[in-house]
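What the coordinates show
Spelled out, the chains give:
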Amino acid sequence: MIVSVALTICLLALPLALPTLLLVGLSLDVLFLLPLTGALVAALSTFLELAVGGTMFGWFIALCVFANILAIVVLARRRRLGIDLGLRPALTVQSAVQFLVIAAAVAWPLQALASRDLGYDTNAFWLVRAIEVYGGHGLLFTAIHAPTLVTANADYPPLVPAGTATGFFVRGQVVYDMGAAVPAVLNSCALGVLASGLIRVARQRSSLGAWPGTVLGAAVALIGFGLAGPYGIDGYADLLWSASAVAAVVYGLVLPSTIRHLAVAWICATVAALTKNEGLTMALVILFLSAVRFVPTPARTEKPEDHRARRVAVTWLQRLVLAAVMALPGLSWAVLVRSYGVQDSFFADGLRLSPRGRFGPTVSAMWAQLHLLPFVALIALAGVLVLRQRRRRIGLGHEAWLWACLCASLAITVGTYVFGDYPLSWWLATSVDRTTLFAALLLYTDLAIWMCVAGGELASRRSRTAEAQPHRADPPEAEVVARSATPIPSLGTSLMPSG
Amino acid sequence: MLGETRPVAAAVSNDASPRPDARVDAGEPARSSWRRVVAVLVLCSGLGLMVPAVVHSLRNTASLTSGPSISAGNGYYDQVTCYRATIEREVRKDARVYLGGSSPDEQLLVEASEMWATILPTPARAQYRISIVHGHGSCNGTSLVIGRP
């Protein structure tokens, strides 16, 4: 099985190496992103298989060829286009060791694949859908139009089944263990991207430093698997969308706003959107906020106020267009299956108009999964009040971005339980530990980010004390601050690696 | 804009002459100590919350790789693969089948039949009726009953 899974991951990752590297830059942590990009393209291929015809694998090859031709054209014309691709090698012994530490952390839980356990949903839906994707347009089209064959969730996005079906293509037949192994490795990759994002937070100037950041990243990756429990390795998709969405938050809303970070956030958010419906709703929130952050509000000038109002309107238009363009791939599947009349099974009979008695039990059940919330809220509050200057120097986004995502996630989850159709007790008992996974992982990630900021504060004090002090106050941060200020990202400047 | 970083170079200077914000600077050591205390508290609280979570994760992996877990997982895996093998052995390729049983069983049979047989929602035109019998049999204590509808 190990060889088949490794071949499947290589098949997903390698054909898209060049386009992905052009998009997000050259570094070892891209190795975590590549399989996710491949799975994303496999999901888009499934969309084409259903909408147009043929097989997922045929479309996958076609899309990979197209993406590579596009990448080669950009490479060939980069000077004429005035684009600095920023492909300077960033491979050092330090980055290699950091990569290996994270790789070990995300690989460690995979040893549980030896149990070949298949979760209930894996049998009930994900494997069935993977077989349909593998079977080609006819089978998939029939199954989508006869959802009684798969009971519920016929509208669920196709990324996990597409990844599993790639494993079937590699093996040349339907093999059930691919239904657990491929999603589990994708879980590891998503947590690897998240951990790499935390290392980037830690190695920003004035932050904690790369090595402690590596330990923090590895810890959060391990915690992700711990939060998911058996769902991390038995073929469920919840950890995949949660970890991808949290990684999108880190790259799009925490790290300095550059086009490369936005590209990683876009890929991760699209992976979340094409994995589960919950992932789609959160991805839309994250992409919208990332677009708002990426296109800054125009500065005040001496010009008349009506001009400013016009510029503000143009800015919001740019933000909306950027968010819409980024959301398109993630929305593609949802639009297609709804055009076929397939309903979200949670709201198949419309919104529950008398949700009396559902709010209390919902909040109570979610609270049992999120005991961390008040502690992290307190730490974040202390950080915002006392350490905000340090956070600014590091160049990180405001804490409010992350908490906006957290609140949106909690509101969407509560709303789904309260206004959804299913019997509440059964629904909560079978799913609340999975639906709160994103929020729990985001809380641990926020904790790690504040530890980076606090560590940077202490490290900076220590280093200043250790130095001889001929000047009353040395100004080492000035250059850093000017560099880390969030500019209006133009293509020429912001394609540079941001560290 | 949120997250925007503004220059703070003006706050640090080698110039010893009095400045308008001298009163602010006088309070800087106290604020600096306060920041240090908060930073230490954040680090300690963070460690206090993260270390148990990491330990929980490692224990979770250890539990999932324990003998009973592996045995249970493999047993269930053998059961569901046995269903597919049985259907491929005893049902003609592309035959029309009707799957009996309650929801979980029916799901397992859909999984085992897809790409081999055509599943019908009613038994009227089916060539085979397939259901799962629990309690005995070669598929991990269960077996398939395959017959005419």
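The notes below deal with the structure included here. (Residues numbered from 1 in each chain as written. Chains lettered and ligands numbered in written order. Predicted model: local features only at pLDDT ≥ 70, side-chain atom pairs only at ≥ 80, totals over all residues. Heavy atoms only, no water.)

1. What to know about the overall build of chain A
Definition in use: Under the scheme used here, helices are H or I runs from DSSP no shorter than 4 residues and strands are E runs no shorter than 2 residues, and both carry numbers assigned from the N terminus. Contact criterion: two residues are considered in contact whenever any of their non-hydrogen atoms come within 4.5 Å of each other. Accessible surface is estimated by sampling points in the Shrake-Rupley manner with a 1.4 Å probe; for residues, cover comes only from the protein chains shown.
Of regular secondary structure, chain A possesses 23 helices and 0 strands. Of the contacts formed within chain A by residues at least 6 apart in sequence, a portion of 82% connects residues at least 24 apart. Per element, the accessible surface of chain A, about 19,100 Å² overall, is 69% carbon and sulfur.

2. Overview of the environment of A:W126
Position of A:W126 among the secondary structure elements: in helix 7 (residues 120–135). Linking A:W126 and A:V160, residues 34 residues apart in sequence, is a C-alpha distance of 7.2 Å.

3. A short note on a nonpolar patch on the surface
Residue and element names in this part refer to chain A. Our working definition: Every patch collects residues that have over 30% relative accessible area and no salt bridge, joining them within 9 Å if they carry like charges and within 5 Å if they are nonpolar side chains (Val, Leu, Ile, Met, Phe, Trp, Tyr). When a carboxyl oxygen of Asp or Glu is within 4 Å of a side-chain nitrogen of Lys or Arg, the pair counts as a salt bridge. Using a 1.4 Å probe on the protein chains alone, a residue whose accessible area is under 20% of its type maximum counts as buried, one over 50% counts as exposed, and one in between counts as partly exposed.
There is a patch of nonpolar side chains on the surface, built from I61, V65, I69 and V73 and spanning about 330 Å² of accessible area. By secondary structure assignment, the location of I61 is in helix 4 (residues 56–76). Take I61: its relative accessible area is 45%, and that puts it in the partly exposed class.

4. Structural notes on the pattern of salt bridges
According to the stated counting rule, one finds 14 salt bridges over all chains in the structure shown. Its salt-bridge partner being B:D94, residue B:K93 comes within 3.8 Å of it at the nearest N-O pair. Among the residues examined, B:D94 registers a relative accessible area of 53% and is labelled exposed. Connected via shared salt-bridge partners are A:D121, A:D238, A:K276, A:E278 and A:R434.

5. Focus on the sheet that holds strand 2 (residues 118–120) of chain B
Residue and element names in this part refer to chain B. Rule in force here: DSSP calls a pair of strands paired once it identifies at least 2 bridges connecting them. Under this scheme, a helix contributes an axis fitted over its contacting stretch, all axes are lines through C-alpha atoms, and angles between N-to-C directions fall in the 0 to 180 degree range.
Strand order in this open sheet of 4 strands is 2-1-3-4, and the pairing throughout is mixed. In this open sheet, the two edge strands, each paired with only one partner strand, are strand 2 and strand 4 (142–147). Strand-to-strand twist in this sheet, taken as the mean axis angle between neighbours without regard to direction, amounts to 45°. Both strand 3 (residues 128–139) and strand 4 contribute to a ladder of 7 bridges, which runs antiparallel. Residue pairing for strand 4: R129 is matched across the bridge by G147. Running at roughly 110° to strand 3, helix 4 (residues 103–113) makes contact with strand 1 (96–99), strand 2, strand 3 and strand 4 of the sheet.

6. A look at the state of the cysteines
All names here are of chain B. Formally: Note that a disulfide, as used here, is simply two cysteine sulfur atoms within 2.5 Å.
The tally for this structure, following the rule as stated, stands at 1 disulfide over all chains. Covalent S-S linkage joins C82 and C139, the inter-sulfur distance amounting to 1.9 Å. Every disulfide takes its handedness from the sign of the S-S torsion; for C82 and C139 that torsion is -60°, giving left-handed. With C82 in helix 3 (residues 67–90) and C139 in strand 3, the pair connects residues that are 57 residues apart, well separated along the chain.

7. A few points about the pairing of strand 3 of chain B
All names here are of chain B. Note: strand 1 against strand 3, 3 bridges, orientation parallel. If you follow L99 over to strand 3, its bridge partner there is I130. The turn linking strand 3 back onto strand 4 is made up of 2 residues, and N140 within it adopts a positive phi angle of 55°.

8. Observations concerning the packing of aromatic side chains
Note the cut-off: When two rings of Phe, Tyr or Trp (its six-membered ring) have centres within 6.5 Å they constitute a pair, described as stacked for plane angles under 30 degrees, edge-to-face for angles over 60, and tilted for the intermediate range. Each ring is checked for a lysine NZ or an arginine CZ that lies within 6 Å of its centre and within 35 degrees of its normal; such an atom marks a charge sitting over the ring.
Under the defined criterion, the tally for this structure stands at 15 aromatic pairs over all chains. Ring centres of A:Y134 and A:F169 lie 4.9 Å apart, and the angle between their planes is 75°; this geometry places the pair in the edge-to-face category. Of this pair, A:Y134 sits in helix 7 while A:F169 sits in helix 9 (residues 159–171), and the two are 35 residues apart along the sequence. With 5.6 Å between their ring centres and 20° between their planes, A:W241 and A:F438 make a pair best called stacked. Residue A:W241 is found in helix 12 (residues 238–254), and its partner A:F438 is found in helix 21 (residues 437–466); the two are separated by 197 residues along the sequence. The exposure class assigned to A:W241 is buried, which follows from its relative accessible area of 2%. What links up through ring pairs into an aromatic cluster is the set A:F57, A:F60, A:Y134, A:F168 and A:F169. Directly above the aromatic system of B:Y128 lies the positively charged group of B:R148, at a separation of 5.1 Å from the ring centroid.

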